[in-house]
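Chain and residue survey
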Amino acid sequence: MNAPDNKRRALLATAGVGAAGLVVAPGIRLIEAATAADAPKTTLASSKVRWGMLVDTTKCKSDCNACVTACNKENSIVEEVADPRQRSQWVRKIDLVEQRTGKQHSLPMMCQHCTNPPCVDVCPTGASFKRADGLVLVDRHICIGCRYCMMACPYKARSFVHEPLTTQNPEMPRGVGCVESCTFCVQRIDRGLQPACTEACPEGAMLFGDLNDDNSAIAKRLKEVASTQVRAELKLDTGVRYQGI
Amino acid sequence: MDYASSRAEEKKFYLLAALGALVSAIGIGAALYMEHHGHAVTGMNNQIVWGLPHVFAIFLVVAASGVLNVASIGSVFGKTVYKTRAKLAGLLCFAMLAAGLVVILLDLGRADRIMVAATHVNLTSVFGWNMILYPGMFAIVFVYLWTLMEKRMYPYSKPAGFAAFIWRLMLTTGTGSIFGFLVARQAYQSAVIAPMFIIMSFAWGLAVFMVVQKAMYLWNGMTLHPEIRNRLRKLLAVFVGAVFYFVAVYHLTNLYFAKQTAFEHFILVDGGIFPQLFWGGWLCVGTLAPLALFFLPGLKDMRGSVTLASLLIIVGAFCQLYVFIIGGEAFPLEIFPGRTATSTFFDGRIDQYAPSLPEILLGLGGIGIAFTMTVVGVRVLRFLPEDNIAKLQAAGALSD
């Protein structure tokens, strides 16, 4: 009576270990493969760098949407949601008219990559975070989709993915139920490239670079021209600055 | 009670429990539908990011904290009339808190990541504090109910009641601060919001308590002693008056600040549904009508006037939260003061919100959950507040 039972137990145990091995082993292999493939490209973000952008609104044209188009292409932001108020917009063009004088401006508005970002403060899980080089990003693995960051962002810079997505850029994963915003094209700048919007601007109105590097073009320009932080009274110390407003 | 009437009562209980379970199940079904299709099937969008589910959830959570006030007056301040009611207050607190949290959690974009929320807590986030405050509240109320129901634990009911009293003040401060700490939008960023939420919790919690108590008394063929009814009536009136005071201070402060006048004009005058709900719903239905029912000579002694007033206070509470949460979000962010802004992202535009059916059902599902938990709770354990009038009179507890 006992002997067959023991045999059965041994068989079940072997089968169990085997099944566990089959489940875990491919994962380990994949992680190794992924690590190996990524290894040459990976560089750690440094706090010596502070990425920033200067937008010259005197050059920005109201009828031009090149930055928005480039952003959508780079980050694969293609949505078919019927209600336009539910669509994601990482960068948008805002047209401004001064109420007293009628003076007009046009400018791109996106995540301002604040030094003191309210979205990071309010995020319950820490999914909204600031990288060492000043980029404010969302960790899509731990975003629970509570939208508190969208309540807290003074620039309305964040979007919530309202329906399942079918098109993805593998370098910039997005997903339904998570919040997202401009990353300054982190996948590009980590490779030494410019953000897609900056590269696409036909007027050269967007200047991107390291605010901490005195020799960078942006640092030099910021020393020469008057620039503005939007909602400066909040003292968030934005990474994006505007010239001409 | 004879066998036949006991059977009839049992039938009524199962009917009520089944009704509550059905409403809860429909709510959960609506949440699954939202989960499957994404929030595209809701009326919420990138500007009005919190909608009707949050109105329901915040009502339930705030009322849950306030209903425990009845217990605190008994256990902490030693009032016998309230002590009798502490158990029911504890049960209602537990039920509404659970229901409110279920609604908030089911509305998350990634409700499946609840374990992530439980294991990753950012302590600079008011939501993060709430991840500690809410489970703590459950634990404290559970222990408190234990000290009230288990004879050996009676001596501990005072410290447990005191802990619950302090904890719920922190909890509602946390709920109010979810909004009070937001600098981005005109409607929020005010220190007065946290105490306003506390006083709102007192009023809404007691109103819910009065309605439930009335239903239980009707079920058991009992009537509330006029002296006790009178006392609870006056207490509820004080809370309603205090809410009025805080809301008035909040709006008057805003009206004084030039940068806030456009927002106040929107909420109080030309914002469509929001001024209507503010003046008609909150002020007339939820504040003035209950006060009239409490104090006007012809009305205050009318049969059912306190229950009616309590129901009106609850209706007013929903109107107030709708104006506060959705009205506050509908008003555009003032990113460029002094300039008119337009964009494809609806900058500078007042947003329109219409809750979709799944949102409404999810909110009602929350009420269903609280209802079911209460019905089952009062059936299986002794929660009915029974006053020993002779003893109370002898102790002079009815006249102090």
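Residues numbered from 1 in each chain as written. Chains lettered and ligands numbered in written order. Predicted model: local features only at pLDDT ≥ 70, side-chain atom pairs only at ≥ 80, totals over all residues. Heavy atoms only, no water.

Looking at the sheet that holds strand S8 (residues 206-210) of chain A
Residue and element names in this part refer to chain A. Spatial strand order, S8-S1-S10-S9: 4 strands in an open sheet with mixed pairing. The open sheet has two edge strands with one neighbour each: S8 and strand S9 (227-228). Summarising the sheet, strand S1 (residues 51-56) and S8 pair through 5 bridges and their orientation is antiparallel. Residue pairing across strands places Met53 opposite Phe208, the latter belonging to S8. (Pairing = 2+ DSSP bridges. Helix = DSSP H or I, 4+ residues; strand = E, 2+ residues; numbered from the N terminus.)

Focus on the side chain of B:Thr287
Residues and elements named next belong to chain B. Within the secondary structure, Thr287 sits in helix H11 (residues 273-295). The buried category is assigned to Thr287, whose relative accessible area is 2%. There is a polar contact of 2.9 Å between the side chain of Thr287 and the backbone oxygen of Trp282. Ignoring any residue separated from it by four or fewer positions in sequence, one finds Thr287 in contact with Val240, Phe244 and Trp282. (Buried < 20%, exposed > 50% of the residue type's maximum accessible area, 1.4 Å probe, protein only. Polar contact = N/O pair within 3.5 Å; in protein donor to acceptor, adjacent residues only side chain to side chain. Contact = heavy atoms within 4.5 Å.)

Describing the pairing of strand S2 (residues 91-98) of chain A
Relative to strand S3 (residues 104-110) of chain A, S2(A) runs antiparallel, the two sharing 7 bridges. Among the inter-strand pairings, A:Lys93 is bridged to a residue of S3(A), identified as A:Pro108. Where S2(A) hands over to S3(A), the hairpin turn is made up of 5 residues, of which A:Gly102 adopts a positive phi near 80°. Where S2(A) and strand S1 (residues 339-343) of chain B come together, 5 bridges link them in antiparallel fashion. Considered in S1(B), the bridge of A:Ile94 is made with B:Ser343.

Some words on the interface of chain A and chain B
On the chain B side, the residues contacting the 54 residues of chain A number 53 residues. Both sides together, the interface formed by chain A and chain B hides about 4,600 Å², and carbon and sulfur atoms give 56% of it. Three residues, A:Arg85, A:Met151 and A:Lys156, lead the burial of chain A against chain B; their summed loss comes to 20% of the area buried on that side. Between the two partners, chain A and chain B, sit 4 salt bridges. Salt-bridge contacts for B:Asp351 lead to A:Arg85; the nearest nitrogen and oxygen are separated by 2.4 Å. Joining chain A to chain B, the criterion identifies 37 residue pairs in polar contact (both at pLDDT 80 or more). Of all the secondary structure elements, the ones that give two or more residues to the side of chain A that touches chain B are S2, S3, helix H3 (118-122), helix H4 (148-152) and strand S6 (159-160) of chain A. (Buried area = accessible area lost by both parts, 1.4 Å probe. Salt bridge = Lys/Arg side-chain N within 4 Å of Asp/Glu carboxyl O.)

Observations concerning the environment of A:Pro173
Mapped onto the secondary structure, A:Pro173 falls in the loop between S6 and strand S7 (179-180). Each residue touching A:Pro173, except ones within four places of it in the same chain, is listed here: A:Arg140 and A:Gln168.

Quick word on the state of the cysteines
Two cysteines form a disulfide when their sulfur atoms are joined by a covalent bond. Residues and elements named next belong to chain A. In this structure the tally under the stated criterion is 0 disulfides over all chains. Lacking any disulfide linkage, Cys149 is separated from the closest cysteine sulfur, that of Cys146, by 6.3 Å. Cys111 supplies the cysteine sulfur nearest to Cys182, a cysteine that is in no disulfide, at a spacing of 5.7 Å. (Disulfide = S-S within 2.5 Å.)

Considerations on the confidence of the model for chain A
Note that predicted coordinates carrying low pLDDT should not be read in detail. Averaged over all residues, the pLDDT of chain A is 88; the fraction at 70 or higher stands at 82%. Below pLDDT 50 for its whole length, residues 26-36 of chain A participates in 1 contact with residues either more than four positions away or in separate chains. (pLDDT = per-residue confidence, 0-100.)

Brief notes about the nonpolar core
In this structure, A:Tyr148, B:Phe59, B:Phe179 and B:Trp204 are the most contacted members of the largest nonpolar core, which totals 173 residues. Per element, the largest residue contribution to this core is 17 residues, and it comes from helix H8 (residues 193-219) of chain B. Within the second largest apolar cluster, 5 residues are counted, among which are B:Ala31, B:Ala57, B:Val103 and B:Leu362. (Core = buried A, V, L, I, M, F, W, Y, C linked by side-chain atoms within 4.5 Å.)

Regarding the sheet that holds S3(A)
If you trace the 3 strands from one edge of the open sheet to the other, you get S3(A)-S2(A)-S1(B), paired in antiparallel fashion. One side of each edge strand has no neighbouring strand; the edge strands of this open sheet are S3 of chain A together with S1 of chain B. Strand-to-strand, the axes of this sheet are offset by a mean angle of 30°, without reference to chain direction. Against the sheet, helix H2 (residues 66-74) of chain A touches S2 and S3 of chain A, its axis set at about 160° to S2(A). (Axes fitted to C-alpha atoms, helices over the stretch in contact; angles between N-to-C directions.)

Details of the packing of H8(B) against helix H13 (residues 305-330) of chain B
Residues and elements named next belong to chain B. At a minimum axis distance of 8 Å, the contact between H8 and H13 shows a crossing angle of 145°. By crossing handedness, the relation of H8 to H13 is classed as left-handed. Together, Ile193, Met196, Phe197, Met200, Ala203, Trp204, Ala207, Val208, Met210, Val211 and Lys214 of H8 and Val306, Thr307, Ser310, Leu311, Ile313, Ile314, Ala317, Gln320, Leu321 and Phe324 of H13 make up the contact between the two elements. Taken together, the residues that form the contact of H8 with H13 break down as 17 nonpolar, 3 polar and 1 charged. (Left-handed = near helix turned anticlockwise from the far one by under 90°. Nonpolar A, V, L, I, M, F, W, Y, C, P; charged D, E, K, R; others polar.)

Concerning the packing of aromatic side chains
We describe a pair of aromatic rings using the distance from one ring centre to the other and the angle between the two ring planes. Inspection of every chain in the model, using the stated rule, returns 29 aromatic pairs over all chains. Each ring, one from B:Phe179 and one from B:Tyr188, has its centre 5.1 Å from the other, and the planes form 50°; the classification is tilted. In textbook terms, an aromatic cluster arises when at least three aromatic residues are bridged by ring pairs, as seen for A:Tyr148, B:Trp50, B:Phe127, B:Phe179, B:Tyr188, B:Phe197, B:Tyr250 and B:Phe324. Its end group placed over the ring of A:Phe160, A:Arg147 keeps NZ or CZ at 5.0 Å from the ring centre. Against the face of B:Phe345 rests A:Lys156, its NZ or CZ located 4.9 Å from the ring centre. (Phe/Tyr/Trp six-rings, centres within 6.5 Å; stacked < 30°, edge-to-face > 60°. Lys NZ or Arg CZ within 6 Å of the ring centre and 35° of its normal.)

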